[in-house]
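Okay, here's what each chain looks like letter by letter:
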Amino acid sequence: MPFSFWTSGRIPLCGAVLLAMASFAIPAPALAEPARQDQQAEFDIYVEKAMAKWGVPGVAIGLLQDGKIVRVKGYGVKKFGEAERVDGDTLFAIASLTKAFTAAAIATLSDEERLSFDDPVTKYLPDLKLYDSKVTAEVTIRDLLAQRTCLQSKDLLTWDSPFSREETRRRLQYLAPACSFRDRFVYNNINYVLAGDASAAAAGSSWQALIKNRLLMPLDMNNSTTSSAEAARARNLASPHIKTGGKLRLLPLYDEGISAPAGAIHSTAADMARWVELLLGGGAYLGKTIWSPTAHAAMLGEQMAVRPGPRDAGEPPTPIAAAYGFGWGVGEYRGRRFVEHTGQSDGMYAMVAMMPNDRLGIVVLTNSSMVGLPEALVYHWLDDQLGVPEFDWIGTLYARAKESNDAIDIDNVTRDVLRKAGTKPSLPATGYAGVYRQDLLGDVTVITAKNGEMLIRFLTKTGRLKHWQDDMFQIDWGGDPYYTMTSSFVTFQIGVDKQPISLKIGGDEETFVRSGSARIRPKH
């Protein structure tokens, strides 16, 4: 059972997602009638209790009642071990919450008839090549936004990738589908990379400029950015954290590169509250129409059915997923219509949830990758607004999130990997050296340094190889959390002539053939 409809982002989970930086804080948005003081005090206590339970350094919250912002507040600190406090204008990565912005920008272009949701993607990206020429010709903007292309998720192709946008589109012909075209919902960042590129082409601008001019500026989201590089220059920036050996560790901000339309935005609780006010207003904000009611219905409508598993007896009353819209999960909570999405980056996790018919909305931003805390705060606050009996969301979701959160602790990467004692490699270090190739992800190069150490170069990173067992080696990526958790081991296949034939790397066991052998497509 997921903690929200989709926990999305770069860091993998068990079983389970530019603007110039303003140097000043803009005036606080107008507030609706505030909640009772005792409710506010109780919620403050609840937030701090959850933070202590999960060990999350900082949280920022935005609350909306009757479609209007009633409260924006920060809790805790921007950086573990330091005293500077989080406030409503502190900048956090919102990761996959960016997808809804990409969809909304496309909606504004649709309103102007500069593109249609049902246009073929190749109308704007004629160089696109997918695994099948018929699918390439038929895939539409709607297919991308609704996550119904059935393309496999392959973040290594776009996150921190050496490939240009054009080269990535060429390589997609080697990405095998996870299912038949439009057969079912398959969450994939590549869909939104393509959607962002198509929208930029239709607008005749960059994706960054499109988001700035059509969304951020009209909403006075002046503290929000569309790249990590600009976020890094902010004076009021939360630092990302990840668990290592059960202890918090600081991470650098990562450059999303070509994957920006799927997850590059950094924002604040105050700015995101304005965004939710726009959404609860049906596309209108402070008298300005940003997108039409027709576009709004498409974005928050049920575009692609989701097939949730059966709910066991005794399950907590978490939301029930029904469908994916355009950058939003759609379903129900406590018998009411419920719209939400999460976003997870290296070291941060965010969530936005709305009950449109009840005109309720909540934003939760955190500076830790751990899941469960935002969901606990969202469900608790909504329960309070709906007047339902209190439920122990902190205790319940902390326990249920433990496996996922343990999985993103770097020290646990090798915990479940079997290791045979007393084995040796088949070859000397120099015997493994060479270039290993794959059509989708390019080359992996294995070299032997002068000191005899084996090194591996993959995409943008270089790691050190340490023998694990037989012809399997552990890769030390110098502490990089994403590569450590997705590509920790490499295994060589040795031929009868005692020469390497291929290697497999990562949890997906991507296969790369040694140069001189036949090139292969990636493992399906």
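Scroll up to find the structure this text is about.
Residues numbered from 1 in each chain as written. Predicted model: local features only at pLDDT ≥ 70, side-chain atom pairs only at ≥ 80, totals over all residues. Heavy atoms only, no water.

1. Regarding the overall build of the protein
Where we set the bar: Helix and strand assignments come from DSSP, with helices taken as H or I runs of at least 4 residues and strands as E runs of at least 2, each series counted from the N terminus. Radius of gyration: over C-alpha atoms. The globule rule applied is 2.2 Å multiplied by the number of residues raised to the 0.38 power. Three exposure classes are used, based on accessible area relative to the maximum for each residue type with a 1.4 Å probe and protein chains only: buried under 20%, partly exposed in between, and exposed over 50%. Working convention for charge: Lys and Arg count positive, Asp and Glu count negative, and His plus the chain ends are omitted. Charge coordinates come from a single atom per side chain, which is NZ of Lys, CZ of Arg, CG of Asp or CD of Glu.
Across its full length, the protein carries 14 helices and 22 strands. Its C-alpha atoms give the protein a radius of gyration of 23 Å, within 12% of the compact-globule value 24 Å for 524 residues. Classification of the 524 residues of the protein by burial places 60% in the buried group. Distance from the positive charge centre (57 side chains) to the negative charge centre (59 side chains) of the protein: 5 Å.

2. Overview of the state of the cysteines
Condition: Cysteine sulfur atoms are paired as a disulfide whenever they fall within 2.5 Å.
Evaluation of the coordinates by the stated rule reveals one disulfide. Note that Cys150 is cross-linked by a disulfide to Cys179, the S-S spacing being 1.7 Å. For the disulfide bridge between Cys150 and Cys179, the dihedral angle about the S-S bond is near -80°, and by the sign convention the bridge is left-handed. Taken together, the residues Cys150 in the loop between helix H4 (141-145) and helix H5 (165-171) and Cys179 in the loop between H5 and helix H6 (189-203) connect sequence positions 29 residues apart. When its relative accessible area of 12% is taken as the criterion, Cys179 is described as buried.

3. What about the pairing of strand S10 (residues 320-324)?
Just so we agree on the cut-off: Strands are treated as partners if at least two bridges between them are detected by DSSP.
Note that strand S9 (residues 304-305) and S10 share two bridges and pair antiparallel. From the neighbouring strand, Met304 faces S10, where its bridge partner is Tyr324. Judged from the four bridges that link them, S10 and strand S11 (residues 329-333) form a sheet pairing that is antiparallel. Note that in S11 the partner of Ile320 across the bridge is Glu332.

4. Notes on the sheet that holds strand S12 (residues 336-345)
Sheet architecture is open: eight strands sit in the order S2-S1-S14-S13-S12-S11-S10-S9, paired in antiparallel fashion. In this open sheet, the two strands that pair with only one neighbour each are strand S2 (68-76) and S9. Relative to S12, S11 runs antiparallel, the two sharing five bridges. Each bridged residue has a counterpart across the sheet, and for Tyr333 the counterpart in S12 is Arg336.

5. What about helix H13 (residues 393-407)?
As a reminder, the rule being used: By this rule, a helix spans an expected 1.5 Å times one less than how many residues it contains. We define the bend at each residue as the angle formed by axes fitted to the 7 residues ending at it and the 7 residues starting at it. Working rule for contacts: check all heavy atoms of both residues, and any pair within 4.5 Å makes them a contact.
Here H13 is 15 residues long and its end C-alpha atoms lie 21 Å apart, about the 21 Å a rise of 1.5 Å per residue gives. At Ala401, H13 shows its largest kink, close to 45°. Taken together, the buried positions of H13 are Trp393, Ile394, Thr396, Leu397, Ala401, Ser404 and Asn405. Lining the buried residues of H13 we find helix H1 (37-54), S11 and helix H12 (373-386).

6. Observations concerning the nonpolar core
Basically, it comes down to this: Nonpolar cores are built from buried Ala, Val, Leu, Ile, Met, Phe, Trp, Tyr and Cys residues. Side-chain atoms within 4.5 Å join them into one set.
If you look at the biggest cluster of nonpolar residues, it comprises 110 residues, and the most contacted ones within it are Phe101, Trp275, Trp291 and Phe458. Not counting chain neighbours up to four residues away, the residues in contact with Trp291 comprise Ala104, Thr108, Asp111, Leu215, Trp275, Leu278, Leu279, Gly282, Gly283, His296 and Met299. By size, the runner-up hydrophobic cluster in this structure holds 32 residues, among which are Phe43, Tyr75, Tyr333 and Leu382.

7. A few points about helix H2 (residues 98-111)
Between its terminal C-alpha atoms H2 stretches 20 Å, which fits the 20 Å expected from 14 residues at 1.5 Å a residue. Here H2 lies mainly inside the structure; 12 of its 14 residues are buried. Among all positions of H2, only Thr98, Lys99, Ala100, Phe101, Thr102, Ala103, Ala104, Ala105, Ile106, Ala107, Thr108 and Leu109 are buried.

8. Description of the sheet that holds strand S17 (residues 454-458)
The condition is simple: Every axis in this analysis is a line fitted to C-alpha atoms, fitted for helices over the stretch in contact. Angles between the N-to-C directions lie between 0 and 180 degrees.
The eight strands are arranged S15-S16-S17-S18-S19-S20-S21-S22 in a closed barrel whose pairing can be described as antiparallel. This sheet shows a mean twist of 30° between the axes of neighbouring strands, independent of strand direction. In this structure, strand S20 (residues 489-494) lies alongside strand S21 (residues 500-505), joined through five bridges in antiparallel fashion. Residue pairing in the sheet places Val490 in a bridge with Ile505 of S21.

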